[in-house]
Amino acid sequence: MGKQKKARKYAVMKRMISLRDQRINEKERAKAPVKKKEDPSAIKEREVPQHPSCLFFQYNTQLGPPYHILVDTNFINFSIKAKLDLVQSMMDCLYAKCIPCITDCVMGEIEKLGQKYRVALRIAKDPRFERLPCMHKGTYADDCLVQRVTQHKCYIVATVDKELKRRIRKIPGVPIMYISRHRYNIERMPDDYGAPRF
């Protein structure tokens, strides 16, 4: 009988000897890490994130008319599909003056979408919209909005994106505006000002 041919195994690494192995000379052998004994009298330090002073229980005291609303790309597209005028519908929802804000990242995202979304681009360039400059690298709008809202709690975020909504719900004191039943609605806003919930 002939020798059986063994298939050569690919990407198999040669096993290396551990530096603590007994077969290595004592001089070259790695030393076992020495654990430092904790001093019971030492002051223990820990970092606790500081909560913003604008949050009073679950209410955000920085929110008040005129409302600054950060608009996402898909919110503009869905508003066009639902035939809603952005500024007017926002005012109908919140019963107060609203200033839609659009960041450079969202603007860049709409421009990248091309000719099909030219109506959305024209709406985004409306003079009633406030333009917010972005200083960071990259043009991923979701990260930009989350970062801006974390730093400044004076915005309402208008989005239809489930993933972005999930991320913003983790940040306390930031209401979310969304579209339901061909009108704008708001979640996580005190009842005394804001749209009625249904």
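Residues numbered from 1 in each chain as written. Predicted model: local features only at pLDDT ≥ 70, side-chain atom pairs only at ≥ 80, totals over all residues. Heavy atoms only, no water.

The name given to the chain in an unreviewed UniProt entry is rRNA-processing protein FCF1 homolog, with the source organism recorded as Grus japonensis. The record in UniProt for the chain states the following under Subcellular location (unreviewed entry): "Nucleus, Nucleolus". The heading Sequence similarities (unreviewed entry) in the UniProt record of the chain holds the text "Belongs to the UTP23/FCF1 family. FCF1 subfamily." (UniProt positions renumbered as here; feature names shortened; annotations may be inferred.)

Participant: I'd love a proper account of the overall build of the chain, names of residues and values included.
Facilitator: The number of helices and strands found in the chain is six helices and eight strands. Secondary structure elements of the chain occur, N-terminal to C-terminal, as β-β-β-α-α-β-α-α-β-α-β-α-β-β. Going through the 198 residues of the chain one by one, you find that 38% of them count as buried. Sequence-distant contacts, at least 24 apart, represent 59% of the contacts inside the chain between residues at least 6 apart. Here the chain has roughly 15200 Å² of accessible surface; of this, 54% comes from carbon and sulfur atoms. (Helix = DSSP H or I, 4+ residues; strand = E, 2+ residues; numbered from the N terminus. Buried < 20%, exposed > 50% of the residue type's maximum accessible area, 1.4 Å probe, protein only. Contact = heavy atoms within 4.5 Å. Areas by Shrake-Rupley, 256 points an atom, 1.4 Å probe, with all protein chains shown as cover.)

Participant: Summarise the packing of helix α3 (residues 104-112) against helix α5 (residues 141-151); cite the residues concerned and give the values.
Facilitator: Running from N to C, α3 and α5 point in directions that differ by 165°, and their axes come no closer than 8 Å. Overall, the two elements α3 and α5 adopt an arrangement that is roughly antiparallel. When the axes of α3 and α5 are compared, the crossing they make is left-handed. Facing Cys105, Val106 and Glu109 of α3, the residues of α5 in contact are Ala141, Cys144 and Leu145. Split into classes, the residues belonging to the contact of α3 with α5 amount to five nonpolar, no polar and one charged. (Axes fitted to C-alpha atoms, helices over the stretch in contact; angles between N-to-C directions. Parallel < 35°, antiparallel > 145°, perpendicular 65-115°, else oblique. Left-handed = near helix turned anticlockwise from the far one by under 90°. Nonpolar A, V, L, I, M, F, W, Y, C, P; charged D, E, K, R; others polar.)

Participant: Before we move on, could you go through the packing of α5 against helix α6 (residues 162-169) and cite the residues and values that matter?
Facilitator: Interhelical geometry of α5 versus α6 gives an angle of 20° and a closest axis separation of 11 Å. Relative to α6, the element α5 lies roughly parallel. Our pair here, α5 against α6, has a crossing hand that is right-handed. Residues Asp142, Asp143, Leu145 and Val146 of α5 touch α6, and the partners they reach there are Leu164, Arg167 and Ile168.

Participant: So, the sheet that holds strand β7 (residues 176-180): which residues are in play, and what are the values?
Facilitator: The strand order across the open sheet formed by six strands is β5-β4-β3-β6-β7-β8, and the pairing between neighbours is mixed. Among the strands making up the open sheet, the edge pair consists of β5 (130-132) and β8 (183-187). In this sheet, adjacent strand axes meet at a mean angle of 35° when their direction is disregarded. Where strand β3 (residues 67-71) lies against strand β4 (residues 98-103), four bridges are found, and the strand directions are parallel. (Pairing = 2+ DSSP bridges.)

Participant: Account for the pattern of salt bridges, naming residues and giving values.
Facilitator: Applying the stated criterion across every chain, the model contains seven salt bridges. The shortest N-O distance in the salt bridge between Arg166 and Glu163 comes to 2.3 Å. With Arg166 and Glu163 both in helix α6 and three residues apart, this pair spans about one turn of that helix. Overall, the relative accessible area of 39% leaves Arg166 in the partly exposed class. Through salt bridges with shared partners, one network takes in Asp85, Asp126 and Arg128. (Salt bridge = Lys/Arg side-chain N within 4 Å of Asp/Glu carboxyl O.)

Participant: Can you lay out the pairing of strand β6 (residues 155-158) for me, pointing to particular residues and giving the numbers?
Facilitator: Across the two faces of β6 the burial is the same, with Tyr155 and Val157 and Ile156 and Ala158 all buried. Bridging between β3 and β6 involves four bridges; their strand directions are parallel. Looking at β6, one finds that His68 is bridged to Tyr155. The pairing of β6 with β7 spans two bridges and is classified as parallel. Considered in β7, the bridge of Ala158 is made with Met177. Since β6 and β7 lie parallel, the crossover through α6 that links them has a hand, and here it is right-handed. (Right-handed = clockwise from strand over helix to strand, strands pointing away.)

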